[in-house]
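Here's the letter readout for the chains.
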Amino acid sequence: MYGRDPWGGPLEINAADSATDDDRSRNLQDFDRAALSRPLDETQQSWLLGPGEQKKKKYVDLGCIIVSRKIFVWTVGTLLVAGFLAGLITLIVKTVPRHHPHDPPPDNYTLALHKALMFFNAQRSGPIPKHNNVSWRGNSGMKDGLSDNSVNKNLMGGFYDAGDAIKFNFPQSFAMTMLSWSVIEYSAKYEAAGELNHVKEIIKWGTDYLLKTFNNSADTIDKIYAQVGTGDTSGGSTNPNDHYCWVRPEDIDYPRKVYECHSCSDLAAEMAAALASASIVFKDSKTYSQKLVHGAKTLYKFSRDQRGRYSPGGSDPSFFYNSTGYWDEFLWGGAWLYYATGNSSYLQLATTRGLAKHAGAFWGGPDYGVFSWDNKLTGSQVLLSRLRLFLSPGYPYEDMLSTFHNQTSIIMCSYLPIFTSFNRTKGGLIQLNHGRPQPLQYVVNAAFLATLYADYLEAADTPGWYCGPNFYSTKILREFAKTQIDYILGKNPRKMSYLVGFGHNYPKHVHHRGASIPKNRVRYNCKGGWKWRDSSKPNPNTLVGAMVAGPDKHDGFRDVRSNYNYTEPTLAGNAGLVAALVALSGEGRAAIPIDKNTIFSAVPPMFPTPPPPPAPWKP
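Everything numeric here is computed off the predicted structure, so don't read it as measured data.

**Observations regarding the packing of helix 5 (residues 169–193) against helix 9 (residues 327–341)**
Angle between the axes and distance between the axes: these two values describe a pair of packed helices.
Item 1. Across the interface, helix 5 lies against helix 9 with an axial gap of 13 Å and an inter-helix angle of 40°. Classified by the angle between their axes, helix 5 and helix 9 sit oblique to one another. Between helix 5 and helix 9 lies a crossing of left-handed hand. Touching Phe-170, Thr-177, Trp-181 and Ile-184 of helix 5 are Glu-329, Trp-332 and Trp-336, all from helix 9.
Item 2. Of the residues that constitute the contact of helix 5 with helix 9, the class distribution is 5 nonpolar, 1 polar and 1 charged.

**Quick notes on the environment of Leu-543**
Item 1. Take Leu-543: it is sitting in the loop between helix 17 (530–533) and helix 18 (564–567).
Item 2. Leu-543 sits 422 residues away from Asn-121 along the chain, and the two C-alpha atoms are 9.9 Å apart.
Item 3. If we skip the residues at most four places from it in the chain, Leu-543 touches Phe-119, Ala-122, Gln-123, Trp-136, Val-500, Val-510, His-512, Ala-515 and Pro-569.

**Details of the sheet that holds strand 5 (residues 258–261)**
Item 1. Read across the open sheet, the 3 strands follow the order 3-4-5; overall the sheet is antiparallel. This sheet does not close on itself; its edge strands, each paired only once, are strand 3 (167–168) and strand 5.
Item 2. Sheet topology note: the strand 3/strand 4 (residues 224–228) ladder contains 2 bridges and is antiparallel. Considered in strand 4, the bridge of Phe-168 is made with Gln-227.

**Some thoughts on the state of the cysteines**
Item 1. Counted according to the given criterion, the structure contains 3 disulfides.
Item 2. A sulfur-sulfur distance of 1.9 Å marks the disulfide that ties Cys-245 to Cys-526. Negative torsions about the S-S bond denote left-handed disulfides, and the value of about -90° found for Cys-245 with Cys-526 makes this one left-handed. Of the two residues, Cys-245 is situated in the loop between strand 4 and strand 5 and Cys-526 in the loop between helix 16 (513–516) and helix 17; the sequence distance between them amounts to 281 residues. Each of the two residues, Cys-245 as well as Cys-526, counts as buried.
Item 3. Across the disulfide, Cys-413 is cross-linked to Cys-467 (sulfur-sulfur distance 1.9 Å). The S-S bond linking Cys-413 to Cys-467 shows a torsion near -100°; that makes this disulfide left-handed. You can see Cys-413 sitting in helix 13 (residues 398–415) and its partner Cys-467 sitting in strand 6 (residues 464–467), a full 54 residues away along the chain. Exposure class is identical for Cys-413 and Cys-467. Each is buried.
Item 4. Each bonded cysteine in the chain gets a number by its place in the sequence, and the pairs come out as 1-6, 2-3, 4-5.

**Description of the packing of aromatic side chains**
Item 1. Counted under the stated rule, the structure contains 33 aromatic pairs.
Item 2. Measuring from ring centre to ring centre gives 5.9 Å for Tyr-300 and Tyr-346, while their planes differ by 70°; the resulting arrangement is edge-to-face. With a gap of 46 residues between them, Tyr-300 in helix 8 (residues 286–305) and Tyr-346 in helix 10 (residues 344–350) connect regions that are remote in the sequence.
Item 3. For Tyr-346, a relative accessible area of 13% puts it in the buried group.
Item 4. Seen from their ring centres, Trp-336 and Tyr-339 are 6.2 Å apart, and the 70° between their planes marks the pair as edge-to-face. Taken as a pair, Trp-336 and Tyr-339 lie in helix 9 at a separation of 3 residues, close to a single helical turn. Tyr-339 carries the same exposure label as Trp-336, and that label is buried.
Item 5. Each residue in the set Phe-174, Trp-181, Trp-332, Trp-336, Tyr-338, Tyr-339, Phe-371, Phe-448 and Phe-600 is aromatic and connected to the rest through ring pairs, giving one cluster.
Item 6. The side chain of Arg-304 reaches across the aromatic face of Phe-330, ending 4.7 Å from its centre.

**Considering unusual backbone geometry**
Item 1. Across the junction of Tyr-395 and Pro-396, the peptide omega takes the value 5°, indicating a cis bond.
Item 2. Examined against the element boundaries, Pro-396 turns out to sit in the loop between helix 12 (377–390) and helix 13.
Item 3. Of note in this structure, Ser-392 is not a glycine but carries a positive phi near 45°.
Item 4. Of note, Ser-392 is situated in the loop between helix 12 and helix 13.
Item 5. Here Arg-521, not a glycine, exhibits a phi torsion of approximately 65°, which is positive.
Item 6. Following the sequence through the fold, Arg-521 ends up in the loop between helix 16 and helix 17.

**Some thoughts on the side chain of Glu-270**
Item 1. By the element assignment, Glu-270 lies in helix 7 (residues 265–281).
Item 2. Exposure remark for Glu-270: the relative accessible area of 0% places this residue in the buried category.
Item 3. Look past the residues within four positions of Glu-270 in its chain and what remains in contact with it is Phe-170, Ser-173, Phe-174, Thr-177, Glu-329, Trp-332 and Lys-376.

**Description of the pairing of strand 6**
Side-chain direction in a regular strand flips from residue to residue, so the side chains alternate between the two faces of the sheet.
Item 1. Examined bridge by bridge, strand 6 and strand 7 (residues 470–473) share 4 bridges and lie antiparallel to one another. Its bridge partner being in strand 7, Cys-467 is matched across the sheet by Asn-470.
Item 2. The hairpin formed by strand 6 and strand 7 contains 2 residues between the paired strands, and Gly-468 there has a positive phi angle of roughly 65°.

**Topic: the side chain of Ser-323**
Item 1. Looking at where Ser-323 falls in the secondary structure, it is placed in the loop between helix 8 and helix 9.
Item 2. At 2.8 Å, the side chain of Ser-323 forms a polar contact with the side chain of Asp-266.
Item 3. With residues up to four places along the chain from it excluded, the contact list for Ser-323 reads Phe-170, Asp-266, Arg-309, Tyr-310, Ser-311 and Asp-374.

**Here we look at helix 9**
Item 1. If you check helix 9, its first and last C-alpha atoms are 21 Å apart, about what 15 residues at 1.5 Å a residue would give, namely 21 Å.
Item 2. The buried fraction of helix 9 amounts to 13 of the 15 residues, a majority that puts the element mostly inside the structure.

**Notes on the UniProt feature "active site" (unreviewed entry) in the chain**
Item 1. When the UniProt feature table is mapped to this numbering, "active site" (unreviewed entry) covers His-511, Asp-559 and Glu-568. Of the residues just listed, which span 58 residues, no C-alpha pair is farther apart than 10.2 Å, and they cluster in one region.
Item 2. Relative to the helices and strands, His-511 resides in the loop between helix 15 (474–488) and helix 16.
Item 3. With respect to the element layout, Glu-568 can be found in the loop between helix 18 and helix 19 (571–584).
Item 4. If we ignore the near neighbours within four places in the chain, the residues touching Glu-568 are Ala-162, Gly-163, Asp-164, His-511, Met-547, Val-548 and Ala-549.
Item 5. Within the structure, the side chain of Glu-568 is placed 3.0 Å from the backbone nitrogen of Gly-163, a separation counted as a polar contact.

**Topic: a nonpolar patch on the surface**
Item 1. A cluster of nonpolar side chains, Val-81, Phe-84, Leu-85, Leu-88, Ile-89, Leu-91 and Ile-92, forms an exposed patch at the surface whose accessible area comes to about 680 Å².
Item 2. The exposure class of Leu-91 is exposed, given its relative accessible area of 53%.

**Looking at the pattern of salt bridges**
Item 1. Evaluation of the coordinates by the stated rule reveals 20 salt bridges.
Item 2. For Arg-248, the salt bridge is made with Glu-250, and the minimal N-O distance between the two is 3.5 Å.
Item 3. Glu-250 gets classed as buried once you look at its relative accessible area, which sits at 16%.
Item 4. In this structure, the salt-bridge partner of Arg-478 is Glu-458, at a minimum N-O distance of 3.0 Å. Here Arg-478, found in helix 15, pairs with Glu-458, found in helix 14 (residues 440–459); they are 20 residues apart in sequence, far enough to count as distant.
Item 5. On the basis of relative accessibility, which here comes to 19%, the residue Arg-478 falls in the buried class.
Item 6. Here the residues in one salt-bridge network are Arg-137, Arg-248, Glu-250, Asp-251 and Arg-523, joined through shared partners.

Rules used in this analysis
Residues numbered from 1 in each chain as written. Predicted model: local features only at pLDDT ≥ 70, side-chain atom pairs only at ≥ 80, totals over all residues. Heavy atoms only, no water. Axes fitted to C-alpha atoms, helices over the stretch in contact; angles between N-to-C directions. Helix = DSSP H or I, 4+ residues; strand = E, 2+ residues; numbered from the N terminus. Parallel < 35°, antiparallel > 145°, perpendicular 65-115°, else oblique. Left-handed = near helix turned anticlockwise from the far one by under 90°. Contact = heavy atoms within 4.5 Å. Nonpolar A, V, L, I, M, F, W, Y, C, P; charged D, E, K, R; others polar. Pairing = 2+ DSSP bridges. Disulfide = S-S within 2.5 Å. Buried < 20%, exposed > 50% of the residue type's maximum accessible area, 1.4 Å probe, protein only. Phe/Tyr/Trp six-rings, centres within 6.5 Å; stacked < 30°, edge-to-face > 60°. Lys NZ or Arg CZ within 6 Å of the ring centre and 35° of its normal. Polar contact = N/O pair within 3.5 Å; in protein donor to acceptor, adjacent residues only side chain to side chain. Expected span 1.5 Å × (residues − 1). UniProt positions renumbered as here; feature names shortened; annotations may be inferred. Patch = residues over 30% accessible without salt bridge, like charges linked within 9 Å, V, L, I, M, F, W, Y side chains within 5 Å. Areas by Shrake-Rupley, 256 points an atom, 1.4 Å probe, with all protein chains shown as cover. Salt bridge = Lys/Arg side-chain N within 4 Å of Asp/Glu carboxyl O.

And the structure:
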């Protein structure tokens, strides 16, 4: 009897099995083939094949997030392609030639400005710097001050005034003040024209010389060296001097007298204005600026302590630059010293009614509103109106500041063609000197003040001003200035440019010693140069940038070297021209406004002083 396997099989281990090992192997192979004869699902295959190659994951673990592998691959691929394209575009941009749009061409005022500044290079005295760019000029006046035994002081440097070789402190100081004022207001325009460093160098050349003409380290002085060289030829004198002789400055061999003054309020106050205004220009050079301020204070104190005109009758200055008074210089110098120092005592003086009265602020008259090297009243009124427009200091200054502001408005009205304060030539030139010779120096000053005042009004958000009941826009003032400067640049009946080197038709016989004598290594003596003075040939050297004296009251002009009333340029005239040109420059570009704040750098915050209380009430 056999035991039964509960699963249906025999329990006998040694059950008869007649199959051999080969048969058994063959049978197993048959079973394998039978098993593989039908398709197996994944589970069955895994049983048979064991652990095999794993499938790629569908997700990528980035640590903080898990993203789809497909999205990850697309993102990385897109970034790589974008980077490649960006690099390719950058490479193309870098290698392909660029075609920048050209800047607009400089306007006529900017072109004329470059030339007008060159005149000062031609007028330098002393050792000429290498970069002066006037090939026919050389060192001159190297013994100025030392050749006068009564002085024996080094007075090299500065500028020759006009066509002669005299150094007049009075008009030279005014010229430096005008240039400094224009830089303070329009430094951005000078920078845009590429002339800021040039004009500052010109100013420093002048102020360095002015500092030599008095004891600038002292607090109190008793004299100023007012002039180097003489020009009086009255009485038939044949002594060699800077008017009788016609020689190049480099060839001067005669002694040059130094004119000394001990009571010269007008000159000292004007020199103070020049140094004070320049101290604002050079405010970033602290040591030099402080030196200028100290010198200005010393000069102004001297002007107040030692009253008198620098050009008394019969003196050499009285024949050429005679000052009619010093009250306007007190006003002018005081205003500039206030801006340079912030010391209210200067403002108190400049706004004193009695001083303004003596200066002519309430007189009117035919020359009222004419700004020049002799009369600074109009310039002072504009300069102090600026203070009221932008800082409005109030009491106790408001009374006079408002008066100056009103007077400035009246003067601006007088410049307009619709008023008859000043005549005009048929060609449109305003006759500020009432038909007298050498008109242009007065015209350029008026053009500068008109443009500057228009800029003041616009910077104060004021579109214009009143002339009586009528309101005029600032555009009218600019139009006046443009018509006058355009006349000088050639828009006149003669089609003559009165700025040498500008345009094609300009004076060729300028009254100027250095320009009229060739640089030919021949040293002409005092009378030997007369042949060049009297020659009808054009000057061998072009005095680029010189504004000549100008036409007569009928628009007529004679290009004759011997007639200085037509053809002689001056420092003061060119300084006014430079100021007017920079004020009008920059047409066709983004408007560059005035610099509202630089002039107030030293002025402390102004808190108006309350007026005094009323008198006690009495029944």
